[in-house]
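# Analysis of the macromolecular model
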Amino acid sequence: MNKHLISAADLTKDDALLILDTAEELARVSERSIKKLPTLRGRTVVNLFFEDSTRTRISFEAAAKRLSADVINFSAKGSSVSKGESLKDTALTLEAMGADAVVIRHGASGAPHRLANWVRGSVVNAGDGTHEHPTQALLDAFSMRRRLGSLEGRKVTIVGDVLHSRVARSNVLLLSTLGADVTLVAPPTLLPVSVDTWPCAVSYDLDAVLPKSDVVMMLRVQKERMNAAYFPSEREYSRRYGLDRERFAKLPEEAIVMHPGPMNRGMEIAAEVADSPRSTIVEQVANGVTTRMAVLYLLLGGEI
Amino acid sequence: MLIRNVRVLGGEPTDILIEDGVITALGPGLETTGEVVDGQGAIALPGLVDLHTHLREPGREDAETVRTGTQSAARGGYTAVHAMANTMPVADTAGVVEQVWRLGQESGYCDVQPVGAVTVGLEGRQLAELGAMADSAARVRVFSDDGKCVDDAVLMRRALEYVKAFDGVVAQHAQEPKLTAGAQMNEGVVSGRLGLAGWPAVAEEAIIARDCLLAAHVGSRLHVCHVSTAGSVEIIRWAKSKGWNVTAEVTPHHLLLTDELVEESPNGPYNPIYKVNPPLRTHEDVAALREALADGTIDVVATDHAPHPVEDKETEWAAAAMGMIGLETALSVVQEAMVDTGLLDWAGVAERMSAAPARIGRLSGHGRPLEVGAPANIVLYDPTARTEIHPAQFASKSRNTPYEGLSLPGKVVATFLRGKPTVLEGKLA
């Protein structure tokens, strides 16, 4: 495995399977009453969050703590530039503190790559701008595998704002590495112009794709897209691309519904669908911790 | 002064005699009692003229000053540069352009011809006092809001019309602002993968098409700054075929580099050293730009030398400043992209990097062929040398070159400004 986890493209199929298998083993720890392992004792993991994301931060924090690492939360709201300190200076500060791993969430695409130039420890991308969110893709794959078994040949449909979605980018890369067939569904305005070069299929028609899907992953639609003419109205978006009860009924019996959260209930996903037994949305949160434990464990070379 | 053993435009070895800043004799075997410079078979070209330079003074002297910028220009073989107007304060009054012009005179390394802003403060609302700048000591003929596009069609029309009174030209930075709001790099395969907001080619092409039509309508001169797409080339070719008075420039970096460098480079992905406006485009665009420069659709190579201090580039991509320095590498890059590929000969290089920019900028003392009676603005260039690019060796105050560590062909051996050496043996004289 690479020293860093910045893009899902950094992972070979063997790497990805190793992470998922390791997460499976670590999941058993989470089921114990004492959830802690001593493997990363004495190692320091810094959570460097330039964007608010309580869910992702506590997920990484729980993962590191269950492995007995020392965790430092460094919250730098807003951009480093507006704060006056550059990302480089922040990096040098962390370096001086002896961080073994830096988990970074940043609003600028590519910030983790830049950080990796300035720190010696491992860099884990916890979401960078509209680029990638590889641990989300790993936990999604883990969740799918738990429900469906091997992902080889599985049909995964990702619906929504692909253009601005780091979750979609990482999922397309990881799922194609793992042999799944991915189809992206979105209004054409919310797809990159070059999407035909991605390792996946593309459709504008959700109803046509649903009956052939093993997994439907709904992406969050950001409020700010609504004022930028990406689609005419919330209502029209919901009608054409939302997963409501009628559409849900078109899915095959075994198919599952996913969402990286936070959801807009009633917009991209109906409440009944989100709360149905075929939704993995709550499991995804739990699986996030074990998957991130596996990533930290493997990057920092701990021992079970 | 006698320059011995040089090949004018790459021709047969000859000597050039200079007296009182003017070429007084040309031919083999000339003698003098004065100073002699041995050209050692270097190519002699008319001193280069840059139509697009950011000298940053006044306001950003931490990035460049007129002095360091003109030293950088001399090192690159330039004897005149057009200093862009986006300084602080903006060069939108006779006072500021005269200040820049005077600083150029004092520096003595090359002539500085200020460019005046088209609109007050580059804000695109109200015309700057174009006539006052034209009539000032700086004799401004090129007007540009470079860095920003004059996107208001009426204002652009008025500017084009107004400058006819003093034979001016509007140099447009063609970038439709709404199509490029927040844009970070060329919109295409790489931007999609990297999740960087795309800068579509159409944002450049739509403005160029509109401006060509406007220039034709009012019968004025339009110059298009830093053309970067194959589509822009097609539009300009079409406008020229109509006989319209449209000229265009391309930067050295757009002749050599592509947007793939943003994803994969020796410095890792997202290195803002490759962040520039207009953005680096694709291989197809580079090929079209080279072809257009060869066939004359694009008239000029202009550097868009844009110095930035280290801290403005050592950041995450979105926070970084846009621009690259280019004065000291321009001729080498043009050799690599155009001469060594057989697309342009040295006479062509002289036309595109000296004669044409001087003509467009109405600089009578520059861009003249090296012949008896012409001002002795001369660059001696050894195309057989290879230079590894080390930014620390630049005369420019800034280091933001995309060519660091690359080996490029050729080396500027000497530069003469009206007979006075500004560079000798590759070093500032």
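Structure: see above.
Anyway, here's the lowdown on the structure attached to this text. Owing to the predicted nature of the structure, the values given are computational and were not obtained by experimental measurement.

### Observations regarding the overall build of chain A
Check the secondary structure of chain A and you find twelve helices and nine strands. A compact globule built from 304 residues would reach a C-alpha radius of gyration of about 19 Å, and chain A, at 19 Å, matches this within 12%. The principal-axis extent of the C-alpha atoms belonging to chain A is close to 55 × 45 × 35 Å. When burial is assessed residue by residue, chain A has 50% of its 304 residues classed as buried. The long-range share in chain A, meaning contacts at least 24 apart out of those at least 6 apart in sequence, stands at 74%.

### Structural notes on the environment of T183 of chain A
Residue and element names in this part refer to chain A. Examined against the element boundaries, T183 turns out to sit in strand β6 (residues 181–185). On the basis of neighbour counts, which here come to 19 C-beta atoms within 10 Å, the residue T183 falls in the partly exposed class. Once the C-alpha coordinates of T183 and I158 are considered, the two residues, 25 residues apart in sequence, prove to be 6.3 Å apart. When residues no more than four places from it in sequence are discounted, the contact partners of T183 are T157, C200, A201, S203 and V209.

### Overview of the pairing of strand β7 (residues 111–114) of chain B
Residues and elements named next belong to chain B. Going residue by residue along β7, you find D111 and Q113 tucked away on one face and V112 and P114 tucked away on the opposite face as well. Both strand β6 (residues 78–83) and β7 contribute to a ladder of four bridges, which runs parallel. Directly across from H82, in β7, lies its bridge partner Q113.

### As for the sheet that holds strand β2 (residues 70–75) of chain A
Residue and element names in this part refer to chain A. On the basis of which strands lie adjacent, the open sheet formed by four strands has the order β2-β1-β3-β4 and parallel pairing. Taken across any chain shown, the strands that pair with only one partner, and hence form the sheet edges, are β2 and β4 (122–128). Averaged over all pairs of adjacent strands, the angle between their axes in this sheet comes to 15°, without regard to strand direction. Sheet topology note: the strand β1 (residues 44–49)/strand β3 (residues 101–106) ladder contains five bridges and is parallel.

### So, the interface of chain A and chain B
Contacts between the two partners involve 24 residues from chain A and, on the opposite side, 18 residues from chain B. The set of elements that each furnish at least two residues to the side of chain A that touches chain B consists of α4 (87–97), α5 (111–116) and α7 (166–177) of chain A. No other element matches α5 of chain A, which puts three residues into the side of chain A that touches chain B. Of the residues that constitute the side of chain A that touches chain B, the class distribution is seven nonpolar, twelve polar and five charged.

### Remarks on the sheet that holds strand β13 (residues 246–250) of chain B
Read from one edge of the open sheet, five strands run β8-β9-β12-β13-β14 (chain B), paired in parallel fashion. In the strand order of this sheet, the two ends are held by β8 (142–143) and β14 (300–301) of chain B, each with one partner.

### Observations concerning the nonpolar core
Core analysis: the largest hydrophobic core is formed by 227 residues, its most contacted members being V102 and L296 of chain A together with F143 and V334 of chain B. The dominant element in this core, judged by the number of residues it contributes, is helix α12 (residues 281–299) of chain A, at eight residues. Setting aside its immediate chain neighbours within four residues, V334 of chain B contacts P252, L255, V301, V339, V349 and M353 of chain B.

### Looking at unusual backbone geometry
For the bond from G261 of chain A to P262 of chain A, the omega torsion is -10°, close enough to zero to count as cis. Locating P262 of chain A in the fold gives a position in the loop between β9 (256–258) and α11 (271–274). Geometrically, the link from M88 of chain B to P89 of chain B is a cis peptide bond, its omega value of 5° lying close to zero. Topologically, P89 of chain B is positioned in the loop between β6 and α2 (94–107). Of note in this structure, L9 of chain B is not a glycine but carries a positive phi near 55°. Within the fold, L9 of chain B resides in the loop between β1 (2–8) and β2 (13–19). Of note, the phi angle at D304 of chain B is positive, near 50°, even though the residue is not glycine. Mapped onto the fold, D304 of chain B is located in the loop between β14 and α11 (330–339).

Procedures and definitions
- Residues numbered from 1 in each chain as written.
- Chains lettered and ligands numbered in written order.
- Predicted model: local features only at pLDDT ≥ 70, side-chain atom pairs only at ≥ 80, totals over all residues.
- Helix = DSSP H or I, 4+ residues; strand = E, 2+ residues; numbered from the N terminus.
- Rg over C-alpha atoms; globule rule 2.2 N^0.38 Å.
- Buried ≥ 20, exposed ≤ 12 C-beta atoms within 10 Å, placed from the backbone.
- Contact = placed C-beta atoms within 7 Å.
- Pairing = 2+ DSSP bridges.
- Axes fitted to C-alpha atoms, helices over the stretch in contact; angles between N-to-C directions.
- Nonpolar A, V, L, I, M, F, W, Y, C, P; charged D, E, K, R; others polar.
- Core = buried A, V, L, I, M, F, W, Y, C linked by C-beta atoms within 7 Å.

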